[in-house]
Amino acid sequence: MLAKTFSCGLEGVNGYLVEVEAYISGGMVGFEVVGLPSAAVKESRDRIRAAISVSGLEFPFGKVTVNLAPADVKKDGTAFELAIAMALLSAKNPERFHELASTVFLGELSLQGKLMPVRGALGMAITAKENGFRNLILPMENAKEAACIDGINVYPASTLQAVFEHSVGSQALPLQEAISYQSLLHATSIEHDLKYVKGQPVARKALEVAAAGGHNLLMVGIPGSGKTMLARCLPGILPPLSYEEALETTLIHSAAGELEQNNGLMTVRPFRSPHHNTSMPAMIGGGMKAKPGEVSLAHNGVLFLDELPEFQRQTLEALRQPIEDGFVTITRMNGQNRYVSRCMLVAGMNPCPCGNYGSKKKACSCTPAEIKRYLSKLSGPLLDRIDIQVELDAVSVTEIEAADAEEDSATVAARVLKARKRQLARYRGQSIYCNAQLDQRGIEQYVRMSKDAKQLLLQAVERFSISMRAYGRIQKVALTIADLNGHDSIDSMDVAMAIQFRNLEGKIWRQS
Amino acid sequence: MTLTEEQRSLLWLSTAEVTASRVHSLIRQYGSAAEIRARFGTEDGPTFQGKTEKILAVHREDSALNQLCERLFKQHVHLLFYMDENYPQWLRSIDDFPYLLYYAGRLSCLDAPMVGVVGTRKASQYGLEMARSIGYGLAQAGVTVVSGLARGIDGAAHEGALSADGCTIGVLGCGINAPYPPEHTPLLRRIAGGKGLILSEYPLDAEPIAFHFPYRNRIISGLSCAVVFVEGAVKSGGMHTVNSALIQGREVFAVPGRVGAIGSEGPHTILREGARIATSAGDILDDLGLRPLSNTATERTLKITVPIQRDIAKCLRLQPLTVEKLAGELRLTVNEIMPQLSIMEINGLILREAGNEFSLPPNARE
């Protein structure tokens, strides 16, 4: 008595097809799972046995052997349980069951016979479709993310019994409606709107320029000056996620089990703000199973690091490569995975350990040596990847009360989108999406400056002793400001504005 | 370098960093430094703390002292003893005058009138600018600028004097071979290698220990006929120098700042107590009678042609402002103001302070 069903496993963010074979023979009563199952898969034997009997179905009598093929890949996770249960139920009489060969089963079983959600349903649904399967049966909670994939029938189920009845044809499961990405996007509202951020016009401008050019941003200001609030508004003013971007981002979140349930594809750019005690593997990905880290979870979105100097130095240094290259390759004993990590880095920090340096209201109690030590935790190479740096002062209550209505995110987002479109047109045919990605050669190729602008910049270089690297950064930021202003070549006002966002290196930091 | 027995004994005492006040009282007790050395270790000899005693015992041998002299010679570090002819008279007049000064550079700096310029290490742009211009103005008038080679005001004062191609003296709180702060090593070289002088009462490799610095301050004020306090809090090293200047009977000047700024509290406190006001190097020179009264101060005329920049300068004349406040004041958007601020900053018309605040440079006139 032999039966075969199909399920999927998860490798990184992508699924791979697993054939589940069940063989029932005479002999000593027992239940074995072979095919490199992990401890979680071995445990599933007891859950499956209980779930079948509680659902009022018959557990096959005899020696049961379940094989998970391909047999040389370590099987982890609990998504195979539904497929194993179905293989066991159909082993006695496979003809009774419809469409076993064209269906992929996903789901974990509870002792009560209920279906529990699984990690990475989106990636597995894509795999099922790519392998030519027509049907996908999975837990209710995972239905919406899978429903975003065209070309496969998605049947959400809540119990093992319902799946059984569907398969033998006594009662069909309702078909999940396909969800169009446009309709999801339509229903999205901005959670953090810029209109609720009072004051800080300079920082708002910096945020807009950063969003328009994809520049990384550093905000220096005392606690309570609104760094976090501003950073949270960033996803709302970035251009909306395209379908492909949404799919990429949701895949990672789905695989990491971080997806909000019953939501389908993500339509809002992710905003990740890991605490400063985050370890290096948690930041860039790793662990025994080489899982995606914060930088990948922030893919197509924003990675916000508050209290930047408090992060471990090695964590920050490890961030450099993923931010620069847009992907990270994690190699561990159990495999190698490559995760995309194209995100904007937004960092917040205090000007000194006590936070009051440069404040008018409170005295700074730090010694120059302490300030120096605090700032020296940020390496030059890391700061080199941050194009825009801006200082924030605390906003007083009277200022907040007196403030007029501020511009809302939608207005800013429209300007940002226009600037981004100019960039996409300029870089057509290149693997460049925004100004921040320009390297030295790109700057020479694409940056066009008026004569006045060039002269002003050279004067600034002279006066502030700007380094070659900072010079390139100012040019990139000036290009973005020109894009925002709709200028084809950078004029002197664009450059002058960019200089305001210049690296703080020559200013307070080295002086103290 | 041949030293007398007395000088050798003073050098010997200095290797263990025995303080000036202790050495003076010992000399009063024993008659001379040579006598102290002779009696050291005997029953009626002087007693020292454990660590000092050990170092003194090591260096008591002639060979050790000879070795030290050799090293000093190789490193071009010279010695100035209190009984030497060219030991500055001004300094000689204070209590606890140093019995031995290690120096590098030109002793001729000590011949000109000297003025100390001191202040906080955490200086504002305004303070730095003032220290620089005062240092420049004094040096140009032939005055030697004395300071402590620390970060902030001290460094700016030295820089100012150097840029006028004048004389400046840096008094260290550590050994000449282990200068502190390390980032001022190039500055130290420029002073010692040029027209300036580096002084320290501590042996070559002495560490920059916290208590050295306040003790060192008495040398800064002692060398000078007047001390200028540029910027600093009420409790600060600058205030300490001012106090020792008062004890020594030196003239005290203070540079006024903006009321409410922390760095202004020190100067304002002493102004209220009767210090002289110094708004430029000219004020100091006039008051000290070092130069006939004149008004060729370090005033600068701002040439502004763009109307919006003129408005900005007008606003900043009253007080330093942030971009946000400037925008509110002038009823303009930050988009319009920020580029103008860059241009003004590049042209040297305004200064950018910590906390994103802008101010006019001191002594600027429209």
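Residues numbered from 1 in each chain as written. Chains lettered and ligands numbered in written order. Predicted model: local features only at pLDDT ≥ 70, side-chain atom pairs only at ≥ 80, totals over all residues. Heavy atoms only, no water.

Draft legend 1. Seen up close, unusual backbone geometry. Cis geometry marks the peptide bond from A:A69 to A:P70, where omega comes out at 0°. Take A:P70: it is sitting in the loop between β4 (63-69) and α2 (81-90). Here the amide bond leading from B:Y180 into B:P181 is cis, since omega sits at -5°, within 30 degrees of zero. Position of B:P181 among the secondary structure elements: in the loop between β5 (168-171) and α9 (185-193). Phi is positive for A:E307, close to 55°, though the residue is something other than glycine. Of note in this structure, B:D165 is not a glycine but carries a positive phi near 60°. What makes B:D165 exposed here is its relative accessible area of 54%. (Helix = DSSP H or I, 4+ residues; strand = E, 2+ residues; numbered from the N terminus. Buried < 20%, exposed > 50% of the residue type's maximum accessible area, 1.4 Å probe, protein only.)

Draft legend 2. Representation of empty space enclosed by the protein within the structure. All names here are of chain B. The tally for this structure, following the rule as stated, stands at four cavities of 30 Å³ or more. Around the second largest cavity sit S14, E17, V18, T19, A20, Y99, E201, Y202, P203 and Y215, which together line it. Within the lining of the second largest cavity, the residues separate by chemical class into six nonpolar, two polar and two charged. Counting contributing residues, the lining of the second largest cavity receives three or more from each of domain 1 (1-74) and domain 2 (105-292). (1 Å grid on protein atoms, 1.4 Å probe; cavity = no way out; pocket = protein on both sides within 12 Å on 5 of 7 lines; lining within 4 Å. Points joined across faces, edges and corners; volume = space filled by probe spheres on them. Nonpolar A, V, L, I, M, F, W, Y, C, P; charged D, E, K, R; others polar. Domains from an automatic or database assignment.)

Draft legend 3. Fine view of the confidence of the model for chain A. Residues and elements named next belong to chain A. Per-residue pLDDT for chain A has a mean of 87; in total, 96% of the residues score no lower than 70. Per-element confidence in chain A is highest for strand β5 (residues 103-105), whose mean pLDDT is 95, and lowest for helix α21 (residues 508-511), whose mean pLDDT is 42. Scored below 50 in pLDDT, residues 506-512 shows 21 contacts in the model against residues more than four places distant or in partner chains. (pLDDT = per-residue confidence, 0-100. Contact = heavy atoms within 4.5 Å.)

Draft legend 4. Inspection of the packing of helix α7 (residues 125-140) of chain B against helix α8 (residues 153-163) of chain B at higher detail. Residue and element names in this part refer to chain B. In the contact formed by α7 and α8, the axes pass within 7 Å of each other and the chain directions differ by 35°. Here the hand of the crossing between α7 and α8 comes out right-handed. Counted together, G127, L128, A131, R132, G135, Y136 and A139 of α7 and I153, A156, A157, G160, A161 and S163 of α8 form the full contact between these two elements. Considering only residue class, the contact of α7 with α8 consists of eight nonpolar, four polar and one charged. (Axes fitted to C-alpha atoms, helices over the stretch in contact; angles between N-to-C directions. Left-handed = near helix turned anticlockwise from the far one by under 90°.)

Draft legend 5. Region of interest: the domain arrangement of chain A. All names here are of chain A. Here chain A is described as being made up of domain 1 (2-168) and domain 2 (186-509). Inter-centroid distance (C-alpha atoms) of domain 1 to domain 2 is 44 Å. The interface of domain 1 with domain 2 comprises 19 residues on the first partner and 18 residues on the second. Here domain 1 and domain 2 share an interface that buries about 1,500 Å² over both sides, 60% of which is from carbon and sulfur atoms. A per-residue breakdown of the area domain 1 buries against domain 2 is headed by V13, R119 and L122, which together make up 32% of the total. On inspection of domain 1 and its partner domain 2, the count reaches zero salt bridges. Scanning the region where domain 1 abuts domain 2 turns up five residue pairs in polar contact (both at pLDDT 80 or more). Counting residues per element, the side of domain 1 that touches domain 2 draws most heavily on helix α3 (residues 121-130), at four residues. Taken together, the residues that form the side of domain 1 that touches domain 2 break down as nine nonpolar, four polar and six charged. (Buried area = accessible area lost by both parts, 1.4 Å probe. Salt bridge = Lys/Arg side-chain N within 4 Å of Asp/Glu carboxyl O. Polar contact = N/O pair within 3.5 Å; in protein donor to acceptor, adjacent residues only side chain to side chain.)

Draft legend 6. Geometry of the interface of chain B and chain A. Counting residues at the interface gives 32 residues for chain B and 34 residues for chain A. If you sort the residues of chain B by the area they bury against chain A, B:K122, B:I346 and B:R352 come out on top, with a joint share of 23%. Taken together, chain B and chain A are joined by zero salt bridges. Our enumeration of links across chain B and chain A arrives at six residue pairs in polar contact (both at pLDDT 80 or more). If one sorts the elements of the side of chain B that touches chain A by residue count, helix α16 (residues 334-346) of chain B sits on top with ten residues. Class assignment for the residues of the side of chain B that touches chain A results in twelve nonpolar, nine polar and eleven charged.

Draft legend 7. Fine view of the sheet that holds strand β4 (residues 144-147) of chain B. Residue and element names in this part refer to chain B. The strand order β1-β2-β6-β5-β4-β3-β7-β8-β9 describes an open sheet built from nine strands, whose pairing is mixed. One side of each edge strand has no neighbouring strand; the edge strands of this open sheet are β1 (78-81) and β9 (276-277). Across four bridges, strand β3 (residues 114-118) lies against strand β7 (residues 226-229) in parallel orientation. If you follow V118 over to β7, its bridge partner there is F229. Packing of helix α10 (residues 212-223) onto the sheet brings it into contact with β2 (100-105), β3, β4, β5, β6 (197-200) and β7, and relative to β5 it is tilted by some 160°. (Pairing = 2+ DSSP bridges.)

Draft legend 8. Seen up close, the environment of B:T305. Within the secondary structure, B:T305 is located in the loop between β10 (300-301) and α14 (307-318). Along the primary structure B:T305 and B:F358 are separated by 53 residues, whereas in three dimensions their C-alpha atoms are 19 Å apart.

Draft legend 9. Highlighting the packing of α8(B) against α9(B). Residues and elements named next belong to chain B. Packing of α8 against α9 leaves a shortest axis separation of 11 Å and a crossing angle of 40°. One element, α8, and the other, α9, form an angle in the oblique class. Considering the relative orientation of α8 and α9, their crossing is left-handed. Along its contact with α8, which presents G155, H158, E159 and L162, the element α9 presents L187, R190 and I191. Residues that form the contact of α8 with α9 fall into these classes: three nonpolar, two polar and two charged. (Parallel < 35°, antiparallel > 145°, perpendicular 65-115°, else oblique.)

Draft legend 10. The sheet that holds strand β13 (residues 357-359) of chain B, seen in detail. Residue and element names in this part refer to chain B. Pairing is antiparallel across the open sheet formed by three strands, whose spatial order is β11-β13-β12. Since the sheet does not close on itself, it has two edges, and those belong to β11 (321-322) and β12 (351-353), each with one partner. Pairing between β11 and β13: two bridges, direction antiparallel. Its bridge partner being in β13, T322 is matched across the sheet by E357.

Draft legend 11. Focus on the environment of A:N153. Residues and elements named next belong to chain A. When you line up the elements, N153 lands in strand β9 (residues 153-157). Separated by 24 residues in the primary sequence, N153 and E177 have C-alpha atoms spaced 8.7 Å apart. Aside from chain neighbours lying at most four places away, what touches N153 is R134, N135, L136 and L175. Among the polar contacts listed, one links the side chain of N153 to the side chain of N135, at a separation of 3.3 Å.

Draft legend 12. Structural view of the side chain of A:E208. Here A:E208 lies in helix α7 (residues 201-213). In contact with A:E208, other than residues within four places in its own chain, are A:I237, A:V412, A:R415, A:V416 and A:L484.

Draft legend 13. Structural context of the domain arrangement of chain B. Examined at the domain level, chain B breaks down into domain 1 (1-74), domain 2 (105-292) and domain 3 (306-364). For domain 1 of chain B and domain 3 of chain B, the distance between their C-alpha centroids amounts to 60 Å.

Draft legend 14. Spotlight on the packing of aromatic side chains. If you walk through the whole model with that rule in mind, you get eleven aromatic pairs over all chains. On the basis of an interplanar angle of 50° and a centroid distance of 6.1 Å, the ring pair of B:F40 and B:F48 is categorised as tilted. We note that B:F40, like B:F48, is buried. Of the aromatic side chains, those joined through ring pairs into one cluster are B:W12, B:F40 and B:F48. Looking at A:R49, its charged tip hangs above the ring of A:F59, at a distance of 4.6 Å from the centre. Taking NZ or CZ as reference, B:R92 lies 5.3 Å from the ring centre of B:F97, over its face. (Phe/Tyr/Trp six-rings, centres within 6.5 Å; stacked < 30°, edge-to-face > 60°. Lys NZ or Arg CZ within 6 Å of the ring centre and 35° of its normal.)

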